[in-house]
Amino acid sequence: MTPREIVALLDRVATIDGRIDRQLNDASSAERVVTRWTTALADVPATLPAGSWDVGRVVRNYYERRGGDNSAQYHPVEPYDILTAWARHRDALMQRHTDPTPAADPDDVPAFLTEMRTTRTAVATGRAAPIEYRALTSGPHPAIEARLRAIGSCIPSPARAELARYRPVRAVREAAVAAGQPDPLNVRCDWCQAPEGRPCRSRRVRPDGSVRSNARRATPHPSRVELATAQHGGEAAA
Ligand SMILES: [Zn+2]
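Residues numbered from 1 in each chain as written. Predicted model: local features only at pLDDT ≥ 70, side-chain atom pairs only at ≥ 80, totals over all residues. Heavy atoms only, no water.

- In the annotation of an unreviewed UniProt entry, the entry for the protein chain reads DNA-binding phage zinc finger domain-containing protein, and the organism field reads Streptomyces eurocidicus.

Points about the overall build of the protein chain
Part 1 of the argument: Within the protein chain, the secondary structure is distributed over 10 helices and two strands.
Part 2 of the argument: The helix and strand sequence of the protein chain, counted from the amino end, reads α-α-α-α-α-α-α-α-α-β-β-α.
Part 3 of the argument: Computed over the C-alpha atoms, the radius of gyration of the protein chain is 36 Å, more than 25% above the 18 Å expected from 2.2 N^0.38 for a compact globule of 238 residues.
Part 4 of the argument: Dimensions along the principal axes, computed over C-alpha positions, put the protein chain at roughly 110 × 50 × 35 Å.
Part 5 of the argument: Per-residue burial for the protein chain yields a buried fraction of 27% across its 238 residues. (Helix = DSSP H or I, 4+ residues; strand = E, 2+ residues; numbered from the N terminus. Rg over C-alpha atoms; globule rule 2.2 N^0.38 Å. Buried < 20%, exposed > 50% of the residue type's maximum accessible area, 1.4 Å probe, protein only.)

A few points about the coordination of the zinc ion
In ideal tetrahedral geometry, four donors around a metal make angles of 109.5 degrees, whereas ideal octahedral geometry with six donors gives angles of 90 or 180 degrees.
Part 1 of the argument: Of the protein atoms, only Cys-189 (SG), Cys-192 (SG), Cys-200 (SG) and His-221 (ND1) coordinate the zinc ion, at distances of 2.0 to 2.4 Å.
Part 2 of the argument: Here the zinc ion binds four donor atoms, and the angle range of 105 to 119° at the metal identifies the geometry as tetrahedral. (Donors = N, O, S within 2.8 Å, 3.2 Å for Na, K, Ca; no water. Tetrahedral: all angles 85-135°; square planar, octahedral: opposite > 155°, others 65-115°.)

Examining the packing of aromatic side chains
Part 1 of the argument: Counted according to the given criterion, the structure contains two aromatic pairs.
Part 2 of the argument: With a centroid separation of 5.0 Å and an interplanar angle of 85°, the aromatic rings of Tyr-62 and Tyr-63 are classed as edge-to-face. (Phe/Tyr/Trp six-rings, centres within 6.5 Å; stacked < 30°, edge-to-face > 60°.)

Some details on the pairing of strand S1 (residues 201-205)
Part 1 of the argument: In the sheet, S1 pairs with strand S2 (residues 211-216) via five bridges, with the strands oriented antiparallel. The residue bridging Val-205 from the neighbouring strand is Val-211, located in S2.
Part 2 of the argument: The turn linking S1 back onto S2 is made up of five residues, and Gly-209 within it adopts a positive phi angle of 100°. (Pairing = 2+ DSSP bridges.)

Quick word on the domain arrangement of the protein chain
Part 1 of the argument: What the domain assignment lists for the protein chain is domain 1 (3-96), domain 2 (99-132) and domain 3 (168-237).
Part 2 of the argument: A separation of 30 Å is found between the C-alpha centroids of domain 1 and domain 2.
Part 3 of the argument: Listed by partner, the interface residues are seven residues for domain 1 and eight residues for domain 2.
Part 4 of the argument: Of all residues in domain 1, Leu-93, Met-94 and Arg-96 bury the most surface against domain 2, accounting for 66% of the area lost on that side.
Part 5 of the argument: Our count for the contact surface shared by domain 1 and domain 2 stands at zero salt bridges.
Part 6 of the argument: Summed over the shared surface of domain 1 and domain 2, the result is zero residue pairs in polar contact (both at pLDDT 80 or more).
Part 7 of the argument: Residues of the side of domain 1 that touches domain 2, tallied by class, amount to five nonpolar, no polar and two charged. (Domains from an automatic or database assignment. Contact = heavy atoms within 4.5 Å. Buried area = accessible area lost by both parts, 1.4 Å probe. Salt bridge = Lys/Arg side-chain N within 4 Å of Asp/Glu carboxyl O. Polar contact = N/O pair within 3.5 Å; in protein donor to acceptor, adjacent residues only side chain to side chain. Nonpolar A, V, L, I, M, F, W, Y, C, P; charged D, E, K, R; others polar.)

So, the pattern of salt bridges
Pairing is possible between side chains of opposite charge, provided their charged atoms come close.
Part 1 of the argument: Applying the stated criterion across every chain yields a total of five salt bridges.
Part 2 of the argument: Asp-99 is the partner of Arg-120 in a salt bridge, and the nearest nitrogen-oxygen pair spans 2.7 Å. Here Arg-120, found in helix H6 (residues 109-124), pairs with Asp-99, found in the loop between helix H5 (79-96) and H6; they are 21 residues apart in sequence, far enough to count as distant.
Part 3 of the argument: Taking relative accessible area as the criterion, Arg-120 reaches 35% and is therefore assigned partly exposed.

Quick look at the packing of helix H2 (residues 18-25) against helix H3 (residues 27-40)
Part 1 of the argument: One way to put it is that H2 packs onto H3 with a least axis distance of 5 Å and a crossing angle of 110°. In terms of their interaxial angle, H2 and H3 are classed as roughly perpendicular. Only Ala-27, Ser-29, Ala-30 and Val-33 of H3 make contact with H2, whose side of the interface consists of Gln-23, Leu-24 and Asn-25.
Part 2 of the argument: In the contact of H2 with H3, the residues fall into four nonpolar, three polar and no charged. (Axes fitted to C-alpha atoms, helices over the stretch in contact; angles between N-to-C directions. Parallel < 35°, antiparallel > 145°, perpendicular 65-115°, else oblique.)

Structural notes on the nonpolar core
Part 1 of the argument: In this structure, Leu-9, Trp-37, Trp-53 and Ile-82 are the most contacted members of the largest nonpolar core, which totals 26 residues.
Part 2 of the argument: Looking at this core, the elements that each hand over two or more residues are helix H1 (3-16), H3, helix H4 (55-67) and H5.
Part 3 of the argument: The residues touching Leu-9, leaving out its near neighbours within four places in the chain, are Met-1, Trp-37, Val-55, Gly-56, Val-59 and Ile-82. (Core = buried A, V, L, I, M, F, W, Y, C linked by side-chain atoms within 4.5 Å.)

What to know about the side chain of His-89
Part 1 of the argument: Along the chain, His-89 turns up in helix H5.
Part 2 of the argument: Assessed through its relative accessible area of 17%, His-89 is described here as buried.
Part 3 of the argument: If we ignore the near neighbours within four places in the chain, the residues touching His-89 are Leu-48, Ser-52 and Trp-53.

Quick notes on the packing of H1 against H2
Part 1 of the argument: Where H1 meets H2, the closest approach of the two axes is 6 Å, and the angle between their N-to-C directions is 130°. It follows that H1 is oblique to H2 by the angle criterion. Once H1 is placed against H2, the crossing between them reads as left-handed. Taking contact as the criterion, the partners of Leu-10, Asp-11, Val-13, Ala-14 and Ile-16 in H1 are, on H2, Gly-18, Ile-20, Asp-21 and Leu-24.
Part 2 of the argument: In terms of residue class, the contact of H1 with H2 is made up of six nonpolar, one polar and two charged. (Left-handed = near helix turned anticlockwise from the far one by under 90°.)

Listed below in structure tokens is the structure:
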């Protein structure tokens, strides 16, 4: 706080507390009081943007809290009462600050650290607002939501085309849906007993009846496709 801000603050306190008023009206003590307060509160801001901190409010709270307690003898507000309140507020600010990654090159360690420390100091002295993580308040981004509505997936179409090579079962499924055909995986396969949503399997059996291999098939069994088509037709007709 600047000397001008201190004088304005003490002026307000004087309207509440007659003891401060007398100190300020006495020419011999007024200057000493202002100097003492200015020195003690040099690092404390008078107000912060967005009204999160207001030194005038701290003073008012100080007297309001004691106003209800008639029997207690209390001292006029002192700079340390404000320092205590400011320390609490600064701790709360630092709790919310998340140390965003500096813009400086991380390989330039001194510049990186200097920028991080400068940002922290700015928050701790009230010159900058703490940088917080942004909370999700209204679901996904509108662009993501539109994509989900249009193609049922948040993966962009070109990326899905690239991925098709690595997930042939899903690619066949999506191609069928995109072409307006039924999705065979929506029904159970009577041939290989694959349940709904699971791909068909090629089962190779030895002459004695034991299973030799049980590989996933990229394409469903024909009977499964027929069954899905029949059900699809039924749904479309209904
Ligand atoms: Zn099958």
